[in-house]
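So you can see what is in the structure, the chains are spelled out below.
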Amino acid sequence: MELPFAESYKIKMVETIRKSSRAEREQWMKDANYNLFNLKSDYVFIDLLTDSGTGAMSDKQWAAMMEGDESYAGARSFFNLKESISNITGFPYFLPTHQGRAAENVLFSALIKAGDILPGNSHFDTTKGHIEFRKAHAIDCTIDEAKDTTIELPFKGNMDLGKLEDVLKKYPKEKIPCIVLTITNNTAGGQPVSMENIKGVSLLAKKYGIKLLVDSARFAENAYFIKTREKGYDKKSIREICLEMFGYADFMTMSAKKDAIVNMGGFIAFRHEEDWRNCQMYTIMYEGFITYGGMSGRDMNALAQGLREGTDFEYLETRIGQIAYLGKKLDEYGIPYQRPAGGHAIFLDAKKILVNVPKEELIAQTLGIELYLEGGIRGVEIGTLLADRDPETRENRYPALELLRLAIPRRVYTNNHMDFIAAAVKNVYDRRDSITRGYIIKKELPIMRHFTVELEPAK
Ligand SMILES: *Cc1c(COP(=O)(O)O)cnc(C)c1O
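Residues numbered from 1 in each chain as written. Predicted model: local features only at pLDDT ≥ 70, side-chain atom pairs only at ≥ 80, totals over all residues. Heavy atoms only, no water.

Enquirer: Can you lay out the domain arrangement of the chain for me, pointing to particular residues and giving the numbers?
Expert: Along its sequence, the chain is carved into domain 1 (22–51 + 313–457) and domain 2 (59–310). Each of domain 1 and domain 2 has a C-alpha centre, and the two are 26 Å apart. Taken together, the 34 residues of domain 1 in the interface contact 40 residues of domain 2. Together domain 1 and domain 2 conceal approximately 2900 Å² of surface at their shared face, both sides included; 56% is due to carbon and sulfur atoms. Its largest share of buried area at the contact with domain 2, domain 1 owes to Leu316, Gln338 and Pro340, together 19% of the area lost on that side. Put simply, domain 1 and domain 2 have seven salt bridges between them. Close ionic contact of Glu221 with Arg410 constitutes a salt bridge, the shortest N to O distance being 3.1 Å. (Domains from an automatic or database assignment. Contact = heavy atoms within 4.5 Å. Buried area = accessible area lost by both parts, 1.4 Å probe. Salt bridge = Lys/Arg side-chain N within 4 Å of Asp/Glu carboxyl O.)

Enquirer: Describe helix H16 (residues 415–430), and please don't skip the residues or the numbers.
Expert: The end-to-end C-alpha separation of H16 is 22 Å, in line with the 22 Å expected for 16 residues at 1.5 Å each. Residues Asn415, His417, Met418, Ile421, Ala422, Ala424, Val425, Val428 and Tyr429 constitute the buried set of H16. Looking straight down H16, one finds that the buried residues subtend no more than 170 degrees of arc, so they occupy a single side. The residue sitting at the N-terminus of H16 and contributing the capping side-chain oxygen is Thr414; that oxygen lies 3.3 Å from the backbone nitrogen of Asn416. (Helix = DSSP H or I, 4+ residues; strand = E, 2+ residues; numbered from the N terminus. Expected span 1.5 Å × (residues − 1). Buried < 20%, exposed > 50% of the residue type's maximum accessible area, 1.4 Å probe, protein only. Arc of directions from axis to C-beta. Polar contact = N/O pair within 3.5 Å; in protein donor to acceptor, adjacent residues only side chain to side chain.)

Enquirer: Lay out the site of the ligand in plain terms, naming residues and giving numbers.
Expert: With respect to spatial proximity, 14 residues lie near the ligand, and among them Gln99, Arg101, Asp215, Ser255 and Lys258 are the closest. Residue Arg101 places a side-chain N or O atom 2.7 Å away from an oxygen atom belonging to the ligand. A distance of 2.7 Å is found between an oxygen atom of the ligand and a side-chain nitrogen or oxygen belonging to Ser255. When the ligand is considered free in solution it has 380 Å² of accessible area, and contact with the protein chains removes 98% of it. It is helix H4 (residues 100–111) that provides the largest number of residues to the shell around the ligand, a total of three residues. Its residues placed into classes, the shell around the ligand shows two nonpolar, six polar and six charged. (Near = heavy atom within 4 Å. Areas by Shrake-Rupley, 256 points an atom, 1.4 Å probe, with all protein chains shown as cover. Nonpolar A, V, L, I, M, F, W, Y, C, P; charged D, E, K, R; others polar.)

Enquirer: Residue-level account of the side chain of Ser122, with values.
Expert: Structurally, Ser122 is set in the loop between strand S3 (117–120) and helix H5 (125–133). Under the relative-accessibility criterion, Ser122 is labelled buried at 10%. Within the structure, Ser122 has its side chain in polar contact with the side chain of Thr142 (distance 2.7 Å). Side-chain polar atoms of Ser122 contact the side chain of Asn185, separated by 3.3 Å.

Enquirer: Pulling in residues and values, what's your account of unusual backbone geometry?
Expert: With an omega of -20 degrees, the peptide bond between Ile183 and Thr184 qualifies as cis. Turning to its location among the elements, Thr184 is positioned in the loop between strand S5 (179–182) and helix H7 (195–207). A positive phi angle, close to 60 degrees, is found at Asp388, a residue other than glycine. When its relative accessible area of 10% is taken as the criterion, Asp388 is described as buried.

Below is the structure:
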């Protein structure tokens, strides 16, 4: 008999979570103005809001924290992290930052001016925010297939090289500070980018003399998909694949709260000394001295160890296997989601589930509220709220897809929790015909409104 799937770790410490009643959840949701970000975590049973900073650190990471060197300059922890980063990515230079968007802030301060163009494959929301805040433009060049949730493709996060080249041809090179390649493609459903595609993007970048930035929050999960899905990579180690991926790039930004399995942290890594030097001033202004950049020594130590663990094949097999397990359960119930199951999350196709809710009433957000009311499960809207308004016309931008993302924290929940989630989704799905109205906006901020928006039921 073939031995079944089992986790590549065992549990040493636990944290109690509590169920609540539907009546309690209804009150809490109302008090939170129907924004899931406004809920106290104590009111949530299974928290799938994000996989960012929500992972469980290992015994080795906690041990590393005790050995953190808190010196202001030149700390041992900084050099420990530098070694870990250069071993795994091959980049010789780096600057720590307190998280991923801080890395974007520092790098883009040095790189972007008003009117610039940054093509990419579905820029992440903070990335787009940092670009548009500087009056520059993010142009999405993701393959069209990513917008059809029913198509099964091994690398559905890929950049469309034709679309990319059109952008590179259309604008003078001085207007394009870099191409942004996000691995895995979070916005398109945690979908990976193939090595062939990374290589293709890099060739175009070189042809037009433009730099390539890899937004790397989930680079290790991307490497796992390359190893298990792309021809010629099954014998390569995750580490070899990572070195090859980054070998095509000029710099990377990293939200270490994802694949480096820490609760807070990030960095920028660079191939060229000049780029590293250009960013130092902004690091000092926004984050801290260049050998700590917003991180404690102990946190840099935990991050150095987390990078090693996050690029371990057996860990990644457990991790991605759990998402696939949840996907299979949803398949049994016939529930539509972005196929195939992604690296860090399942993205429910809200338009196909709540067919009666009009797009002006926030379809994916409505599904998120229903799932919370059903089982105390908190997902996150990847739809109209997240898409923000057009910076010029101020009209709502209705995206092609309305998704409810169920992001699975790393090493936190068991497969019993996955069964619970699937059952709650099924219950909402079974009563989908009776859900006909959604929510409207009461209050919002001009940029990245989804975090703080206040809603009320549509009448
Ligand atoms: C999370 C994330 C970021 C931003 O990182 P934070 O640590 O949340 O600031 C940037 N890009 C991608 C692809 C991400 O997933």
